[in-house]
Amino acid sequence: MSADSILLQPTSFGAIPVANRVVMAPLTRCRAGAGNVPTDLMVEYYRQRASVGLIISEASQIMPEGQGYPSTPGIHSDEQIAGWRKITDAVHQAGGKMVLQLWHVGRVSHSEFQPNQALPVAPSAMAIPGEGYTPSGAKKPYETPRALETAEIPGIVAAYVQGAKNAMAAGFDGVEIHGANGYLLDQFLRDGSNKRTDQYGGSLENRARLLMEVVDAVTAAVGAERTGLRISPLQPANGMSDSNPKATFSYVVEQVNAYPLAYLHIAGMGVDQPGAAGPAFDLNSLRPLWSGKLMVNYGYDQSSAEKVVTEGHADAVAFGKPMIANPDLVARIEQDAPWNVPDSSTFYGGGEHGYTDYPVLYTHSHSAT
Ligand SMILES: Cc1cc2nc3c(=O)[nH]c(=O)nc-3n(C[C@H](O)[C@H](O)[C@H](O)COP(=O)(O)O)c2cc1C
């Protein structure tokens, strides 16, 4: 029996007390409604998963320019805030906690998503190789983005702050700054995508400046103890690389360590493709640089998750694909029950199928009608 699993022990992420160390990783599902407003089906999806200690929402654009996939929810309009409020109410009613992931995709977009069909923005005018999504769901070659003017950067920081305030207005317990996976903040951080010559490019300090300005401003707005940060130092997707990921991300972790963040979230994508995003290094080497709560993610099952927490490399584990297929993952850990296998054909877009219809071990009976 795993009722005594270390994953089931309570902890806290800053000001957010959590019932266990099982976290739902942020998962884009492309099922928002008109106006990129969260739907009632999304309420049901998140409610089903509320027994995890913490749910991190799917990435949510902080401004229209920050969108790069069809039907991803936003956190910039009143209707979106109202839609998210139904979700946070449902999660809280079920005893869960939830933070919103603040997203700007930068160059991982297409002009068809952009206001006035403008080009997507990025640190530098460098296109991602290959094809990306358009609003219809069809793929087209990535365009060469427009490099942001230095004078535009304060507006980007302000949009992160407004997104964070909107998330708090929507009832979230906090926010996660999306610094991972090749989106805007990561594009500035890594030198493969940042060729700027102003104070936001060049040196490590300069490449990390936008991220640090966002961390500083968001924590000032909603509290460091309600702000998490996600990074993915070795993730090669979206055309990402760095000449020295170990130096870049050691610097980032040292800088953010000055803030009492709710947590740092390190995603391990790329660890199994040595060299793909720059020279490989051991992500555990970042652990001593961070004095707060650490969450890890990527490819964990029950035993590897228990091991990483037991060995002190992490305080909690975020599960992505397992949470798509196992709304009751916590009960399955408790009972050593097998895990459903996710169906990747229903990851992005569609309705209930592959979203809210995965089988659970048993059904709870609710007294409320
Ligand atoms: C369908 C899907 C959507 C995802 N969406 C996001 C997202 O919105 N934000 C993010 O930071 N990562 C996203 N990821 C990455 C996951 O959070 C996670 O890092 C990845 O699935 C690896 O964890 P796992 O092995 O437990 O699945 C997504 C992954 C998948 C499969």
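Residues numbered from 1 in each chain as written. Predicted model: local features only at pLDDT ≥ 70, side-chain atom pairs only at ≥ 80, totals over all residues. Heavy atoms only, no water.

**Quick look at the overall build of the protein**
Thought 1: Scanning the protein from terminus to terminus reveals ten helices and 14 strands.
Thought 2: Overall, the protein is about 60 × 45 × 35 Å in size when its C-alpha atoms are taken along their principal axes.
Thought 3: Buried residues in the protein amount to 59% of all 369 residues.
Thought 4: For the protein, contacts bridging at least 24 residues in sequence account for 73% of all contacts bridging at least 6.
Thought 5: About 14000 Å² of surface is accessible on the protein, with carbon and sulfur atoms providing 52% of the total. (Helix = DSSP H or I, 4+ residues; strand = E, 2+ residues; numbered from the N terminus. Buried < 20%, exposed > 50% of the residue type's maximum accessible area, 1.4 Å probe, protein only. Contact = heavy atoms within 4.5 Å. Areas by Shrake-Rupley, 256 points an atom, 1.4 Å probe, with all protein chains shown as cover.)

**Some points on the site of the ligand**
Thought 1: Lining the immediate surroundings of the ligand are 19 residues, of which Pro26, Thr28, Arg230, Asn297 and Gly299 lie closest.
Thought 2: Taking glycine 320, its main chain carries an N or O atom lying 2.8 Å from an oxygen atom of the ligand.
Thought 3: A distance of 2.8 Å is found between an oxygen atom of the ligand and a backbone nitrogen or oxygen belonging to lysine 321.
Thought 4: Using a 2 Å cut-off from the grid points, one finds that the ligand occupies the largest pocket.
Thought 5: Residue composition of the shell around the ligand, by class: ten nonpolar, seven polar and two charged. (Near = heavy atom within 4 Å. Polar contact = N/O pair within 3.5 Å; in protein donor to acceptor, adjacent residues only side chain to side chain. 1 Å grid on protein atoms, 1.4 Å probe; cavity = no way out; pocket = protein on both sides within 12 Å on 5 of 7 lines; lining within 4 Å. Sits in = over half its atoms within 2 Å of the grid points. Nonpolar A, V, L, I, M, F, W, Y, C, P; charged D, E, K, R; others polar.)

**Here's the deal with helix α3 (residues 153-169)**
Thought 1: With 17 residues, α3 extends 24 Å between its outermost C-alpha atoms, agreeing within 8% with the 24 Å of an ideal straight helix rising 1.5 Å per residue.
Thought 2: Every buried residue of α3 is accounted for by Ile153, Ile156, Val157, Ala159, Tyr160, Val161, Gly163, Ala164, Asn166 and Ala167.
Thought 3: Elements in contact with the buried residues of α3: α2 (78-93), β5 (98-103), β10 (174-178), α4 (184-189) and α6 (209-222). (Expected span 1.5 Å × (residues − 1).)

**Overview of the UniProt feature "domain: NADH:flavin oxidoreductase/NADH oxidase N-terminal" (unreviewed entry) in the protein**
Thought 1: Summarizing the sequence annotation, UniProt attributes the feature "domain: NADH:flavin oxidoreductase/NADH oxidase N-terminal" (unreviewed entry) to residues 7-338 in the numbering used throughout.
Thought 2: With 30% helix and 17% strand, residues 7-338 has its two end C-alpha atoms placed 16 Å apart. (UniProt positions renumbered as here; feature names shortened; annotations may be inferred.)

**Quick word on unusual backbone geometry**
Thought 1: Even without being a glycine, cysteine 30 presents a positive backbone phi close to 55°.
Thought 2: Mapped onto the fold, cysteine 30 is located in the loop between β3 (22-24) and α1 (40-48).
Thought 3: Not every positive phi belongs to a glycine, and aspartate 336 is a case in point at roughly 55°.
Thought 4: Summarising the element assignment, aspartate 336 is placed in the segment after α10 (329-335).

**What to know about the side chain of asparagine 340**
Thought 1: Along the chain, the position of asparagine 340 falls in the segment after α10.
Thought 2: Within the structure, the side chain of asparagine 340 is placed 2.9 Å from the backbone oxygen of proline 359, a separation counted as a polar contact.
Thought 3: Residue contacts for asparagine 340: discarding those within four places in its chain leaves Ala325, Asn326, Arg332, Tyr358 and Pro359.

**Some remarks on the sheet that holds strand β4 (residues 54-61)**
Thought 1: Pairing is parallel in the closed barrel, where eight strands are placed in the order β3-β4-β5-β10-β11-β12-β13-β14. Each neighbouring strand pair of the sheet contributes to a mean axis angle of 25°, computed without reference to strand direction.
Thought 2: As paired strands, strand β11 (residues 227-231) and strand β12 (residues 263-267) are joined by four bridges and run parallel to one another. Following the sheet pairing, isoleucine 231 is matched in β12 by isoleucine 266.
Thought 3: Those strands touched by α1 are β3, β4 and β5, and its axis lies near 150° from that of β4.
Thought 4: Each of β13 (294-297) and β14 (316-319) is contacted by helix α8 (residues 302-310), which is oriented at about 150° to β14, the strand it contacts most. (Pairing = 2+ DSSP bridges. Axes fitted to C-alpha atoms, helices over the stretch in contact; angles between N-to-C directions.)

**Considering the packing of α1 against α2**
Thought 1: α2 packs onto α1 with a crossing angle of 25° between their chain directions and a minimal axis gap of 9 Å. Taken together, the axis directions place α1 and α2 in an arrangement best described as roughly parallel. For the pair α1 and α2, the crossing hand works out as right-handed. Each of Asp40, Met42, Val43, Tyr46 and Arg47 in α1 lies in contact with α2, whose residues at this interface are Trp84, Lys86, Ile87, Ala90 and Val91.
Thought 2: Residues of the contact of α1 with α2, tallied by class, amount to seven nonpolar, no polar and three charged. (Parallel < 35°, antiparallel > 145°, perpendicular 65-115°, else oblique. Left-handed = near helix turned anticlockwise from the far one by under 90°.)

**Some words on the pattern of salt bridges**
If charged atoms from side chains of opposite charge come close, those side chains can pair.
Thought 1: In this structure the tally under the stated criterion is eleven salt bridges.
Thought 2: Between arginine 207 and aspartate 242 there is a salt bridge, and its shortest N-O distance comes to 3.3 Å. Of this pair, arginine 207 sits in helix α5 (residues 204-207) while aspartate 242 sits in the loop between β11 and α7 (245-256), and the two are 35 residues apart along the sequence. With respect to class, arginine 207 is no different from aspartate 242; both count as buried. (Salt bridge = Lys/Arg side-chain N within 4 Å of Asp/Glu carboxyl O.)

**A word on α1**
Thought 1: Inspection of α1 places Met42, Val43, Tyr45 and Tyr46 among the buried residues, and these make up the whole buried set. For α1, the angular spread of buried residues about the axis comes to 165°, placing them on one side.
Thought 2: Looking at the buried positions of α1, the neighbouring elements they touch are β3, β4, α2 and β5. (Arc of directions from axis to C-beta.)

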